[in-house]
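# Fold and contact review
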Amino acid sequence: MVNFGKKLMADQIPEWKGYYINYKLMKKKVKQYGQQLQQGEKDRRRVLKDFSKMLDDQIEKIVLFLLEQQGMLASRIEKLGKQRAILAEQPDISGITELREAYREVGLDLIKLLKFVDLNATGIRKILKKFDKRFGYRFTDYYVTTRSNHPYSQIQQVFKHVGVGAVVGALSRNLADLQERQGSYLSIYDQPSTALKDPIIDMINSSVDKLTRSTNFLRFLGQHALIADEESPSTAGEEEIEDKKYHFMSLMLNLVNTFLYMVNTYIIVPTADDYSVSLGAASTVCGVVIGSMAVAQIFSSVYFSAWSNKSYFKPLIFSSIVLFLGNVCYAMAYDMKSLTVLIIGRLLCGLGSARAVNRRYISDCVPARIRMQASAGFVSASALGMACGPALAGLLQWKFKIYMVTFNQSTLPGWVMAVAWLLYLIWLWFSFKEPNHATEVNDIQQNPASVQRADINQLENGLAQPLLRDSGSKQHEDEDEEVDDSEEAVHDSRKAATSIGSAYRLLTPSVKVQLLIYFMLKYAMEILLSESSVITNHYFNWNTSAVAIFLAILGLTVLPVNAVVGTYISNMFEDRQLLMVSQIALLVGIVFSFKITSTYSVVQYVSSALITFVSAEVLEGVNLSLLSNVMSSRLSRGTYNGGLLSTEAGTLARVVADCTITAAGYLGIGKLLNITLLPSLVICGASIASTFLTYNSLF
């Protein structure tokens, strides 16, 4: 276990020694405050005031030095710009080479400055955690809340660091202009975005991206998966170990599993009401039929998450077999005239949900350099499956018999998915490669890199965590905790949660609000999707094909909406702003969905459904992004991790929504729409109020 105080001393730049956070002093002060409280020398209010002032002073020292260094870098770039102007009039190859090297030296100094910010940010995070742990306060929430939007906030200046962006832009432009010009391009701004960049610019951009966590479409998609994006390996040996565990075909099998499961979930939605009626039940029983899969998934998520600690291959095999049997039961229920068999089939499908295994495989076995792509693939596979399920149901409109077995629009989804899972099982058996769960430490020691290589990697990868974001630090942050006395021993604090109860106790108010929001959006989406066939048939006389097309179109909006939000909107606004706006938009969609007048038009239903669904999709990405930021690092690993908690919250919401549909059906189909929308309205209002109360703690 690494002592952060020693790491800070070892990694700091000697000539900047006086400008780093005085972590040792602050740690002693925290211990001293504890003793003074016990002896009655100071009250808690005085301790909070003194510690806040001391931390403010430390941050101010860091920020002022940061601004000074940015100014020096800008001055150097300005001087080099004058030299570049002279060379433009009197070209000289040796002069251009020397100038390019001078710009690269500025770039290396900028990387050092970013590393300076990262080390200090880590120190601030750790001292806040240490203070909270010793005194049992929510001091971190208080400190961030009171300083987040203050006009003189030093923390916000570090968050924005506009000066760094300007320096990066100037370096990029000048280095690009020094390269050999191609074609008729006049400057960097006339070149395509794919133009070759100087390696030093890639290093700087990588560092800035890690520090600011600026989003793009790929990262925005990856955040939907709630898969830990841990720090990249810092040595060649660690990269080699990751590569040994990674197997492309195994990753593809996990993504295909995700796709097929989502198809399996939504392929029955357009026909579930007709299937229920054909078995002698009310059409609203479709809520129970659809929701039974979610009920079983509540339990399957836990045992699959635990099973993935030991193996990935065996749980995937088990999942495929159970899903094959579940779909056969679902299809055979028609000829057996049994609603019970139908529900048992869906329960078996839910018990075969291996999404926890898929997430865990990407998190544990995919190298860090492509983990975000794999996470985005996981979300894309889910979205495509959600769209393909109803679309496929719309195509399965045949009716025939083979040896007394009926094949029609109700049973064909079951038979098609049974065949798909059987083929997948065969592919899985021959192609999956079980990774080695026990990573050998000796492998790292046997592949030492040179000191120079290690230094470069440290510069490139050392800026993994954003300022004051607990969850971004993941496992290595807790491993850096200091163990200077028995009171501050962190052995227990590094342990992953071992039960749902222990995981719940780690949830802060901010995390609870994010889980409430996730519950709300999943509830609203499930109400919309599951009752769509009943509502559209009752009000508009839509057939199965029309419902299937409608649901497929909704599903196909997922990727385009995420592309717009992830590429543009998320770079213009803070996540917490998007969170609030998307909740309000969702509330508008729910209100607009109510049947208030005597007539209910297709335009009203379709437009309100689009508003609701699109808002929920945007909200899900932003919500999971914030959830990963505010969640305890102890919930980033183990069986009872953050991904499992969010999955359980979402699955529980689906169960409650489907049960609500069935229960409301007993009051009459004419009242179904408004009755099922009322809980969505109430929960959405509660989540907006809760977000407002915790708004300043959301980073």
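Owing to the predicted nature of the structure, the values given are computational and were not obtained by experimental measurement. (Residues numbered from 1 in each chain as written. Predicted model: local features only at pLDDT ≥ 70, side-chain atom pairs only at ≥ 80, totals over all residues. Heavy atoms only, no water.)

## Points about the overall build of the protein
- What the protein contains, in helices and strands, is 30 helices and two strands.
- For the protein, the proportion of contacts with a sequence separation of at least 24, taken over those separated by at least 6, is 84%.
- In the structure as shown, the protein presents an accessible area of about 30500 Å², 61% of it carried by carbon and sulfur atoms. (Helix = DSSP H or I, 4+ residues; strand = E, 2+ residues; numbered from the N terminus. Contact = heavy atoms within 4.5 Å. Areas by Shrake-Rupley, 256 points an atom, 1.4 Å probe, with all protein chains shown as cover.)

## Things to note about a nonpolar patch on the surface
- Together, V419, L422, L423, I426, W429 and F430 make up a nonpolar patch on the protein surface, roughly 680 Å² of accessible area in all.
- With respect to the element layout, L422 can be found in helix α18 (residues 412–431). (Patch = residues over 30% accessible without salt bridge, like charges linked within 9 Å, V, L, I, M, F, W, Y side chains within 5 Å. Salt bridge = Lys/Arg side-chain N within 4 Å of Asp/Glu carboxyl O.)

## Details of the pattern of salt bridges
- Under the counting rule described, the total for this entry stands at eight salt bridges.
- Residue R360 pairs with D364 through a salt bridge whose shortest N-O separation is 2.8 Å. On the criterion of helical spacing, the pair formed by R360 and D364 is a turn pair, its members being four residues apart in helix α16 (residues 355–365).
- The class of R360 is buried, set by a relative accessible area of 15%.
- Here K522 makes a salt bridge to E620, at a shortest N to O gap of 3.5 Å. Remark: E620 occurs in helix α28 (residues 602–630) and K522 occurs in helix α23 (residues 509–530); sequence separation between them is 98 residues. Comparing K522 with E620 shows no difference in burial state: the two are buried. (Buried < 20%, exposed > 50% of the residue type's maximum accessible area, 1.4 Å probe, protein only.)

## A closer look at the environment of T694
- Looking at the secondary structure, you find T694 in the segment after α30 (669–693).
- Along the primary structure T694 and Q514 are separated by 180 residues, whereas in three dimensions their C-alpha atoms are 9.9 Å apart.

## Quick word on the packing of aromatic side chains
- Applying the stated criterion across every chain, the model contains 31 aromatic pairs.
- Between W307 and F318 the ring centres are 5.7 Å apart and the planes differ by 55 degrees, which places this aromatic pair in the tilted class. On the criterion of sequence distance, the pair formed by W307 in helix α13 (residues 286–307) and F318 in helix α14 (residues 313–336) is long-range, its members being 11 residues apart.
- For W307, a relative accessible area of 28% corresponds to the partly exposed category. (Phe/Tyr/Trp six-rings, centres within 6.5 Å; stacked < 30°, edge-to-face > 60°.)

## Considering the packing of helix α3 (residues 44–89) against helix α4 (residues 93–135)
- Here α3 crosses α4 at 175 degrees, and the two axes come no closer than 10 Å. One finds that α3 runs roughly antiparallel with respect to α4.
- Partitioned by chemical class, the residues of the contact of α3 with α4 number 26 nonpolar, six polar and five charged. (Axes fitted to C-alpha atoms, helices over the stretch in contact; angles between N-to-C directions. Parallel < 35°, antiparallel > 145°, perpendicular 65-115°, else oblique. Nonpolar A, V, L, I, M, F, W, Y, C, P; charged D, E, K, R; others polar.)

## Here's the deal with the nonpolar core
- Membership of the largest hydrophobic core comes to 120 residues, with the highest contact counts inside it found for Y424, L428, F432 and F613.
- Here this core takes 14 residues from α23, the largest share from any one element.
- In contact with F613, other than residues within four places in its own chain, are M386, M525, L528, L529, L554, G555, T557 and V558.
- If you look at the next biggest cluster of nonpolar residues, it comprises 47 residues, including F116, L119, Y143 and I204. (Core = buried A, V, L, I, M, F, W, Y, C linked by side-chain atoms within 4.5 Å.)

## Some thoughts on unusual backbone geometry
- You will see that M404, though not glycine, has its phi angle at about 70 degrees, which is positive.
- Classification of M404 as exposed rests on a relative accessible area of 66%.

## Description of the side chain of Q583
- Residue position: Q583 is located in helix α27 (residues 575–593).
- In terms of polar contacts, Q583 uses its side chain to reach the side chain of S687, at 2.8 Å.
- If we skip the residues at most four places from it in the chain, Q583 touches I517, M520, L619, C684, S687, I688 and T691. (Polar contact = N/O pair within 3.5 Å; in protein donor to acceptor, adjacent residues only side chain to side chain.)

## Observations concerning the packing of helix α24 (residues 532–540) against helix α25 (residues 544–556)
- The geometry of α24 relative to α25 is characterised by a closest axis approach of 10 Å and an angle of 130 degrees between their N-to-C directions. Accordingly, the angle class assigned to the pair α24 and α25 is oblique. In terms of crossing hand, the pair formed by α24 and α25 is right-handed. Taken together, the residues of α25 that come into contact with α24 (itself represented by S532, S533 and T536) are V547, F550 and L551.
- Split by residue class, the contact of α24 with α25 holds three nonpolar, three polar and no charged. (Left-handed = near helix turned anticlockwise from the far one by under 90°.)

## Observations concerning the side chain of S311
- Position of S311 relative to the elements: it lies in the loop between α13 and α14.
- At 3.3 Å, the side chain of S311 forms a polar contact with the backbone nitrogen of K314.
- Polar contacts involving the side chain of S311 include one to the side chain of E434, which spans 2.5 Å.

## Observations concerning α13
- In this model α13 runs 32 Å from its N-terminal to its C-terminal C-alpha over 22 residues, within 8% of the 32 Å that 1.5 Å per residue would give.
- The principal kink in α13, of about 30 degrees, is found at I298. (Expected span 1.5 Å × (residues − 1). Bend = angle between axes of the 7 residues up to and from the residue.)

## So, the confidence of the model for the protein
- Per-residue confidence for the protein gives a mean pLDDT of 80; residues scoring 70 or more make up 77%.
- Mean pLDDT values over the elements of the protein span from 38, in helix α20 (residues 451–461), up to 97, in α18.
- Contacts from residues 229–239, a stretch scored under 50 in pLDDT, to residues over four places away or in other chains number 27 contacts.
- pLDDT under 50 marks residues 439–493. Its contacts with residues more than four places away, or in other chains, come to 140 contacts. (pLDDT = per-residue confidence, 0-100.)

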